[in-house]
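Analysis of the macromolecular model
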Amino acid sequence: AQKVTQAQTEISVVEKEDVTLDCVYETRDTTYYLFWYKQPPSGELVFLIRRNSFDEQNEISGRYSWNFQKSTSSFNFTITASQVVDSAVYFCALSEAPGRDDKIIFGKGTRLHILP
Amino acid sequence: DVKVTQSSRYLVKRTGEKVFLECVQDMDHENMFWYRQDPGLGLRLIYFSYDVKMKEKGDIPEGYSVSREKKERFSLILESASTNQTSMYLCASSYPSQTSGGTSSYNEQFFGPGTRLTVL
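Computed from a predicted model, the values in this text were never measured in an experiment.

Residues and elements named next belong to chain A. Here isoleucine 11 is to be found in strand β2 (residues 10–14). Measuring from C-alpha to C-alpha, the distance between isoleucine 11 and serine 71 comes to 26 Å, with 60 residues separating the pair along the chain. If we ignore the near neighbours within four places in the chain, the residues touching isoleucine 11 are Val19, Thr20, Leu21, Thr110, Arg111, Leu112 and His113.

If you want it as structure tokens, here you go:
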């Protein structure tokens, strides 16, 4: 069965520090997709990244970077030089081989506090 | 920009009332989803729909029903609200995933702002 574990419930760092949010997943499929979403205090989930299981290249987008490692079933998210606006709940999510059932399984989220 | 709107940001209802939560998307997405979000439990799928008049149960459908009469609108119905249905409700939509020539693509879900429902 598919499962997403975000072991860090809550993290607090001081502004400008780097922070990594962990995500470990379980799936029996060889084809799957991984996602990260951000939920700011306004409540609306914002899509950050999608990665398919055949693409293990790390991704960098500004201060955000993602490290996908199939060997450890992890898809970690790093924020470099954190800012107060990065304070939010971050969700990692998994979807198995696409088909009629386009469901996503979400982790329980990590609440990130960036302290000024 | 994709827009998913939900009828209310905050809603207070009494136990036993029938409650309708409406969700509208303007991107012609086939898929629509209803989740509830509770502290420590993350997002849990209640129902989803991949076409008009089509619906499938998610992980926690008990106590809920849905309606999709038009492609852009997906309603969540609490037939008789109970206090344990106090929660944040999130609607999402997406294009269906596609498989072509052995390659598949999965499309991300776009979320509405959520409705915080309190049942007294």
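This part covers the interface of chain A and chain B. Each partner contributes to the interface: chain A provides 24 residues, whereas chain B provides 27 residues. Summed over both partners, the interface of chain A with chain B comes to about 2100 Å²; 54% of that surface belongs to carbon and sulfur atoms. Between the two partners, chain A and chain B, sit 1 salt bridge. The residue B:Glu108 makes a salt bridge to A:Arg50 at a minimum N-O spacing of 2.5 Å. Linking chain A to chain B there are 4 residue pairs in polar contact (both at pLDDT 80 or more). Those elements that place two or more of their residues in the side of chain A that touches chain B are β5 (32–39), β6 (46–52), β10 (88–96) and β11 (105–106) of chain A. Sorting elements by how many residues they give to the side of chain A that touches chain B places β5(A) first, with 4 residues. Here the side of chain A that touches chain B is built from residues that sort into 10 nonpolar, 7 polar and 7 charged.

With that out of the way, let us pick up the pairing of strand β3 (residues 19–25) of chain B. Residue and element names in this part refer to chain B. Of the two faces of β3, the one lined by Val19, Leu21, Cys23 and Gln25 is fully buried and the one lined by Phe20, Glu22 and Val24 carries no buried residue. Of the strand pairs in this sheet, strand β1 (residues 4–6) and β3 are connected by 3 bridges, and their pairing is antiparallel. Paired with glutamine 6 across the strands is cysteine 23, a residue of β3. Relative to strand β8 (residues 73–78), β3 is paired through 6 bridges, and the arrangement is antiparallel. Bridge pairing links phenylalanine 20 to isoleucine 77 in β8.

Attention now moves to the nonpolar core. Residue and element names in this part refer to chain A. Residues Trp36, Phe77 and Tyr90 are the most contacted members of the largest nonpolar core, which totals 23 residues. Mapped onto this core, the elements with two or more residues apiece are β2, β3 (19–21), β5, β8 (64–69), β9 (74–79), β10 and β12 (110–115). The element contributing the most residues to this core is β10, with 4 residues. Setting aside chain neighbours within four positions, we find phenylalanine 77 in contact with Val19, Thr20, Leu21, Trp36, Leu48, Tyr64, Ser65, Trp66 and Tyr90.

Glancing now at the side chain of B:Gln109. Along the chain, B:Gln109 falls in the loop between β11 (103–105) and β12 (110–111). Residue classification places B:Gln109 among the buried positions, given a relative accessible area of 1%. Side chain to side chain, B:Gln109 and B:Tyr35 meet in a polar contact 2.7 Å long. Here B:Gln109 is in contact with A:Tyr37, A:Asp102, A:Ile104, B:Phe33, B:Tyr35, B:Ala92, B:Ser93 and B:Ser94, once residues within four sequence places are set aside.

Right, let's talk about the sheet that holds strand β7 (residues 65–70) of chain B for a bit. All names here are of chain B. Spatial ordering of the open sheet is given by β1-β3-β8-β7, a layout of 4 strands whose pairing is antiparallel. Only two strands of the sheet have a single neighbouring strand rather than two, namely β1 and β7. Taking the axes of each pair of neighbouring strands and ignoring which way they run, one obtains an average angle of 20 degrees across the sheet.

The next thing to look at is the pairing of β7(B). Working note: regular strand, side chains alternate between the two faces of the sheet. All names here are of chain B. With 4 bridges connecting them, β7 and β8 associate as antiparallel partners. By the bridge assignment, lysine 70 is partnered in β8 with arginine 73. Following β7, the chain reverses through 2 residues before pairing antiparallel with β8.

About the criteria used
All residue numbers refer to position in the chain's written sequence, counted from 1. Chain labels run from A onward and ligand labels from 1 onward, assigned in the order the entries are written. Only residues with pLDDT of 70 or above have their local features reported here, since the model is predicted, and side-chain atom pairs are shown and tallied only from 80 upward, although totals for entire chains, interfaces and linings are computed over all residues. Side-chain descriptors were evaluated using all non-hydrogen atoms of the structure, hydrogens and water having been removed beforehand. Helix numbers and strand numbers start at the N terminus; a helix is a DSSP run of H or I with at least 4 residues, a strand a run of E with at least 2. Contacts were defined at the residue level, with two residues in contact if any of their heavy atoms lie within 4.5 Å. Put simply, buried area is how much 1.4 Å-probe accessible surface two parts lose in total, over both of them, once they are put together. We define a salt bridge as a contact between a side-chain nitrogen of Lys or Arg and a carboxyl oxygen of Asp or Glu at a distance within 4 Å. A 3.5 Å cut-off defines polar contacts: any pair of N or O atoms within that distance qualifies, except that in protein one atom must be a possible hydrogen donor and the other a possible acceptor, and neighbouring residues in sequence count only when both atoms are side-chain atoms. Classification convention: Asp, Glu, Lys, Arg as charged; Ala, Val, Leu, Ile, Met, Phe, Trp, Tyr, Cys, Pro as nonpolar; all other residues, Gly among them, as polar. Relative accessibility under 20% of the residue-type maximum defines a buried residue, over 50% an exposed one, and the middle range a partly exposed one, all with a 1.4 Å probe and only protein chains included. In this analysis, strands are considered paired if DSSP registers two or more bridges between them. We define the nonpolar core as a collection of buried residues of types Ala, Val, Leu, Ile, Met, Phe, Trp, Tyr and Cys that are connected through side-chain atoms lying within 4.5 Å of one another. The convention used is that axes are lines fitted to C-alpha atoms, helices contributing only their stretch in contact, and that angles between N-to-C directions extend from 0 to 180 degrees.

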